[in-house]
Amino acid sequence: MTWYALQHKPAQGDRAVQHLQNQDIACFYPKIEVEKIKAGKRTKKLEPLFPGYVFVNLEQTDPMWAKLRSTRGVLRIVSFANRPAPIDDEVIDHIKSSMDKVAEQGGIKPGQPIELDDGPFKGISAIFQAYDGEERAIVMISFMQKQQQVKVPVSVIRS
């Protein structure tokens, strides 16, 4: 069996996967946890690693090909010269084995240089130390020829 990519309709990736699995088609829809700062608060959310695409594992002679285009949530089969484009098993295996590494790279890391966008320290470069709750962070700034730890709102940090 070979892997192929399907493009799903906007915001319907989960729906496409559900309907493909209902038809007993092997799917791979890699998602990672992403940390974002929204309205001054840290939030974690699962997002697709490849937005807009789902991978399916089928034989080229499988009768399910005819049903793929009419599956809810599926937009089209990724093709070149009117032939579905196969994806090597090694590529999919590499993506699967790398998922943990990708998930670990989200968010601001301790020791990362940042800049403060607002407040009394606006425009000052700092080094991120740690989060202090949901809305504040501890940063290290150089002030009056000394290193100082300061608590600032997360919303003023620009990485």
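Before reading further, recall that the structure is shown in the block above.
I will try to describe carefully the structure that is included in this document. (Residues numbered from 1 in each chain as written. Predicted model: local features only at pLDDT ≥ 70, side-chain atom pairs only at ≥ 80, totals over all residues. Heavy atoms only, no water.)

Secondary structure assignment for the protein chain yields three helices and 14 strands. Scaling as 2.2 N^0.38, a compact globule of 159 residues should have a C-alpha radius of gyration of about 15 Å, whereas the protein chain reaches 22 Å, well beyond that. A principal-axis box enclosing the C-alpha atoms of the protein chain has dimensions of 75 × 30 × 25 Å. Residues classed as buried in the protein chain amount to 31% of the 159 residues present. Nonlocal contacts in the protein chain, meaning residues at least 24 apart in sequence, comprise 54% of its contacts between residues at least 6 apart. Carbon and sulfur atoms make up 50% of the accessible area of the protein chain, which amounts to about 10,300 Å² in all. (Helix = DSSP H or I, 4+ residues; strand = E, 2+ residues; numbered from the N terminus. Rg over C-alpha atoms; globule rule 2.2 N^0.38 Å. Buried < 20%, exposed > 50% of the residue type's maximum accessible area, 1.4 Å probe, protein only. Contact = heavy atoms within 4.5 Å. Areas by Shrake-Rupley, 256 points an atom, 1.4 Å probe, with all protein chains shown as cover.)

With respect to topology, five strands assemble into an open sheet ordered β13-β12-β11-β10-β14, the strand pairing being antiparallel. For this open sheet the edge positions go to β13 (146–153) and β14 (157–158), each flanked by a neighbour on one side alone. Bridge analysis of strand β10 (residues 113–116) against β14 gives two bridges, and the strand direction is antiparallel. Along β14, the bridge assignment pairs Glu115 with Arg158. (Pairing = 2+ DSSP bridges.)

Our next topic: the nonpolar core. Ranked by size, the top nonpolar core spans 15 residues in total, and within it Leu6, Leu20, Ile25, Val56, Leu58, Trp65 and Leu68 carry the most contacts. Put simply, the parts of the chain that give this core at least two residues each are β1 (2–8), α1 (13–22), β5 (53–58), α2 (65–68) and β6 (74–77). Residues within four places of Leu6 in sequence aside, it is in contact with Leu20, Gly52, Tyr53, Val54, Val56, Leu68, Val74, Arg76, Ile77 and Val78. Membership of the second largest hydrophobic core comes to 13 residues, among which are Ile114, Ala126, Phe128 and Val154. (Core = buried A, V, L, I, M, F, W, Y, C linked by side-chain atoms within 4.5 Å.)

Our next topic: unusual backbone geometry. Positive phi outside glycine occurs at Ala11, with the angle close to 60°. You can see Ala11 is positioned in the loop between β1 and α1. The residue Asp24 is not glycine, and still its phi comes out positive at about 60°. Note that Asp24 resides in the loop between α1 and β2 (26–28). On the accessibility criterion, Asp24 (74% relative accessible area) is exposed.

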